[in-house]
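# Chain and residue survey
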Amino acid sequence: MEALTMDEYEAPQYQGSPELYMFLASTAHDMKNSISVLSGTLENLLAGTMADGAGSMRAESHPDYAQLGQMLYQTKRLNDNLMQLLALYKDVGKPGYPFEPVANSMAELVQQVASQARILLQSRGITLELDYPENALWTLDEDLIIGVLVHAINNAIRYTRDRLRLAIRIDGDYLEIRVEDNGTGFPAVMLEAGASAMNNQRSAVNFLNNSSGLGLYFSSEVAKMHRHRQRHGSIALENGGTLGGGCFVLRLP
């Protein structure tokens, strides 16, 4: 089955009322809250399973370990999607949705992202390598950028073998943040979707791998919001990098 683009699909036109849109947004918010509770519960269960105290079995040998890890991964994906939908619904960057770029420590940013991903990565047997300038500061919206990076890590879990790398460096007038994996690299359709997101093109909806392109679109919008002296941020997908697999690249002026 080939991926179906939105341009190839003539969707029916609906004249939705404001009340309907508010109902849909409220429902998505309620779903997100429920999934957040479920995700937190799964993290607590996995953390307890991973505790290797005296007389306890190793986490990997626990009969429910793999299933709990898979459940946590899927709830993280759902939570990401719902958060991105809500942000886009509220017109991220517009007056109704706060955009608050302030000077942030890159060391603290990295640690926050790593902390959010720690349990999920441990449950999948994936090592996260960190590489960043410890004393660097950069002006950005912390909440939005953390959301973008956590989503990139969750996506990289699909492609990596057993290693991820979160790396930050200052490249001239830009801050470059990379999420890299040691898998076989992104497929061509993913690379095309990354380019389409930055060019304001609607990428293909692929029903085989359940990819809507929402995460890339959201990430590109967040990147573009970061502006300084006629420069704006960008995202890119590429293959190679330090670990030889797929690379998500976020550049901020």
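For the structure, see preceding data.
Here the structure is a predicted model, which is why all the values come from computation and not from measurement. (Residues numbered from 1 in each chain as written. Predicted model: local features only at pLDDT ≥ 70, side-chain atom pairs only at ≥ 80, totals over all residues. Heavy atoms only, no water.)

### With respect to helix α6 (residues 214-225)
The following threshold applies: Starting at the N terminus, helices and strands are each numbered in turn, a helix being any DSSP run of H or I of at least four residues and a strand any DSSP run of E of at least two. The length a helix should cover is 1.5 Å for every residue beyond the first. Think of it in three bands: residues with accessible area under 20% of the maximum for their type are buried, residues over 50% are exposed, and the middle band is partly exposed, with areas taken using a 1.4 Å probe on protein chains only.
The end-to-end C-alpha distance of α6 is 17 Å, a good match for the 16 Å that 12 residues give at a rise of 1.5 Å each. Of all 12 residues in α6, 10 are buried, a share of seventy percent or more. Those residues of α6 that sit buried are Leu214, Gly215, Leu216, Phe218, Ser219, Ser220, Val222, Ala223, Lys224 and Met225.

### Looking at the nonpolar core
Spelled out, the test is: Only buried residues count toward a nonpolar core, which is a set of Ala, Val, Leu, Ile, Met, Phe, Trp, Tyr and Cys residues joined through side-chain atoms within 4.5 Å.
Ranked by size, the top nonpolar core spans 50 residues in total, and within it Ile145, Ile177 and Leu250 carry the most contacts. With nine residues, helix α4 (residues 142-156) is the single largest residue contributor to this core.

### Examining the side chain of Ser219
Counted only if it meets this: Throughout this description, a polar contact denotes any pair of N or O atoms lying within 3.5 Å of each other; where both atoms belong to protein, one of them has to be capable of donating a hydrogen while the other can accept it, and for residues adjacent in sequence the pair is counted only when both atoms sit in side chains. We call two residues contacting when some pair of their heavy atoms lies within 4.5 Å.
Position of Ser219 relative to the elements: it lies in helix α6. Reaching out from Ser219, the side chain makes a polar contact with the backbone oxygen of Gly215 at a distance of 2.8 Å. Aside from chain neighbours lying at most four places away, what touches Ser219 is Val148, Ile235 and Phe248.

### Section: the packing of helix α5 (residues 188-198) against α6
We count it as follows: Here an axis means a line fitted to C-alpha atoms, over the contact stretch when the element is a helix, while the angle between two N-to-C directions is reported on a 0 to 180 degree scale. Convention used here: angles under 35 degrees read as roughly parallel, angles over 145 as roughly antiparallel, angles from 65 to 115 as roughly perpendicular, and any remaining angle as oblique. If you view the pair so one helix is near and one far, a crossing is left-handed when the near helix is turned anticlockwise from the far one by less than a right angle, and right-handed when it is turned clockwise. Classification used: nonpolar for Ala, Val, Leu, Ile, Met, Phe, Trp, Tyr, Cys and Pro, charged for Asp, Glu, Lys and Arg, polar for all others including Gly.
Two numbers describe how α5 lies on α6: the axes approach to 9 Å, and their chain directions differ by 40°. One way to sum up the angle between α5 and α6 is to call them oblique. With respect to the hand of their crossing, α5 and α6 are arranged in right-handed fashion. Taking contact as the criterion, the partners of Met190, Ala193, Gly194, Ala197 and Met198 in α5 are, on α6, Leu216, Tyr217, Ser220 and Lys224. Considering only residue class, the contact of α5 with α6 consists of six nonpolar, two polar and one charged.

### Looking at the environment of Ala193
Considering the arrangement of structural elements, one finds Ala193 in helix α5. Residue classification places Ala193 among the buried residues on the basis of a relative accessible area of 11%.

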